[in-house]
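Here's the letter readout for the chains.
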Amino acid sequence: MNKVYGSAAEALDGVLQDGMLIAAGGFGLCGIPELLLSAIKDAGTKDLTFASNNAGVDDFGIGILLQTRQVKKMISSYVGENAEFMRQYLSGELELEFNPQGTLAERMRSAGCGIPGFYTKTGVGTVIAEGKEHKDFNGETYILEEGIFADLSIVKAWKADETGNLVFRKTARNFNPPAAMCGKICVVEVEEIVPTGSLDPDGIHLPGIYVHRIVQGEHEKRIEQRTVRTA
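Residues numbered from 1 in each chain as written. Predicted model: local features only at pLDDT ≥ 70, side-chain atom pairs only at ≥ 80, totals over all residues. Heavy atoms only, no water.

Overview of the nonpolar core
One broad trend across soluble globular proteins is that nonpolar side chains are buried collectively. With 32 residues, the main nonpolar core has Phe 50, Met 74 and Ile 154 as its most contacted residues. Contributing elements (two or more residues each) for this core: α1 (8-11), β2 (21-24), α2 (34-43), β3 (48-51), α3 (63-67), β4 (71-76) and β9 (150-161). Broken down by element, this core gets its largest block of residues, four residues, from α2. In contact with Phe 50, not counting residues within four places along its chain, are Ile 22, Ala 24, Leu 37, Ile 40, Ile 62, Leu 65, Val 71, Lys 73, Met 74, Ile 75 and Ile 154. If you look at the next biggest cluster of nonpolar residues, it comprises 25 residues, including Ala 23, Ala 51, Ile 148 and Ala 157. (Core = buried A, V, L, I, M, F, W, Y, C linked by side-chain atoms within 4.5 Å. Buried < 20%, exposed > 50% of the residue type's maximum accessible area, 1.4 Å probe, protein only. Helix = DSSP H or I, 4+ residues; strand = E, 2+ residues; numbered from the N terminus. Contact = heavy atoms within 4.5 Å.)

Below you can see the structure in the form of C-alpha cells.
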C-alpha cells in the first residue's frame, strides 16, 4: 500500500466532507500541519469541528479557516494570540468547548487506544464539570470525560519512512502523536521521507499503523514570541 502522496490536496482527496470532526496537532505555532490546513481552506470544506490545543494566530494555523468561516466549533485549551478566534467566540459566531490541556490530550490518546471514556479530577467544581457524570473513588470526586473519535487527523512530523513511522522534532511532538492516534484517517505532512528501515526503531515516536497518508513539503519556521535585550 502506497502511503506517499504528491501534494496536500492529493493526500486529502476523497477524505474531506462538510461537518466533519478533525483532530489537529500543534501547540502555539509549533508542529502546525500548515500545508494540510491550507489545502482544507482551498477545498472550501465548511461547518468543521476542530479538536486542537489552540487555533494558531490570525493568519496561520487553524486561524486561516476561522477567517473564511469554515470552522463551526473548536474543542480547545487555549484561545489567546488569535484576535479573530476571540471575536467570533465573544460574538456567538463560534462554538467553543473548553478542555484542560491534559484532558484534551488524554481524550485523543484514549480514543486512539479504543477507550471510550475515563475519569479525571481535573475540572471538578468548575464549569468544565457541568453536565458530566460524577463518580467518587476512595473519597475523591472525579468527572467522566469521553474520548475524541475524529473523522480525520492532520498532523506534522519531522521525518517519516514510506510505511508511515514518524519522528517528531523536539517540542513539535506536543499534541501531534495523540491527535494522529484518534482519527479514522490520519494524514501527515513531513519535512523528509526516508527509506523504510532507515529509522532507528527505538527512535520512532509514532508507529506507521496509525498513519494512512503522507505528504512531504516545505514548511515555515515561525517564532511565536521573540524577546531581545535592549543593550
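Concerning the side chain of Glu 189
Along the chain, the position of Glu 189 falls in strand β11 (residues 183-194). Look at Glu 189: it is buried, it has no salt bridge, and the nearest opposite charge is Lys 156 at 5.1 Å. A distance of 3.2 Å separates the side chain of Glu 189 from the backbone nitrogen of Glu 34, its partner in a polar contact. With residues near it in sequence (within four places) discarded, Glu 189 still touches Ile 32, Pro 33, Glu 34, Leu 35, Leu 36, Val 155, Lys 156, Ala 157, Val 215 and His 219. (Lys, Arg positive; Asp, Glu negative; His and termini not counted. Salt bridge = Lys/Arg side-chain N within 4 Å of Asp/Glu carboxyl O. Polar contact = N/O pair within 3.5 Å; in protein donor to acceptor, adjacent residues only side chain to side chain.)

A few points about the pairing of strand β7 (residues 134-137)
With four bridges joining them, β7 and strand β8 (residues 140-146) adopt antiparallel strand pairing. Counted as the bridge partner of His 134 is Ile 143 from β8. (Pairing = 2+ DSSP bridges.)

Considerations on the pattern of salt bridges
Considering all chains together, one arrives at 13 salt bridges under this definition. Note that Lys 73 is salt-bridged to Glu 97, the shortest N-O span being 3.1 Å. Highlighted residues: Lys 73 in strand β4 and Glu 97 in strand β5 (residues 95-98), separated in sequence by 24 residues. We note a salt bridge from Arg 87 to Glu 84, for which the minimum N-O separation is 3.0 Å. Of this pair, Arg 87 and Glu 84 both sit in helix α4 (residues 83-90), three residues apart, which is roughly one turn of that helix. The buried category is assigned to Glu 84, whose relative accessible area is 16%.

Structural notes on the packing of aromatic side chains
As enumerated under the stated definition, the model contains four aromatic pairs in all. Between Phe 27 and Phe 175 the ring centres are 6.4 Å apart and the planes differ by 25 degrees, which places this aromatic pair in the stacked class. Of the two residues, Phe 27 sits in the loop between β2 and α2 while Phe 175 sits in the loop between β10 (166-167) and α6 (176-181), which places them 148 residues apart along the sequence. On the accessibility criterion, Phe 175 (7% relative accessible area) is buried. Plain terms: the ring middles of Tyr 119 and Phe 137 are 5.2 Å apart, the flat faces sit at 65 degrees to each other, and that makes the pair edge-to-face. Taken as a pair, Tyr 119 in strand β6 (residues 117-120) and Phe 137 in strand β7 lie far apart in primary sequence, 18 residues in all. (Phe/Tyr/Trp six-rings, centres within 6.5 Å; stacked < 30°, edge-to-face > 60°.)

Function-wise, these values are silent; they only describe arrangement.
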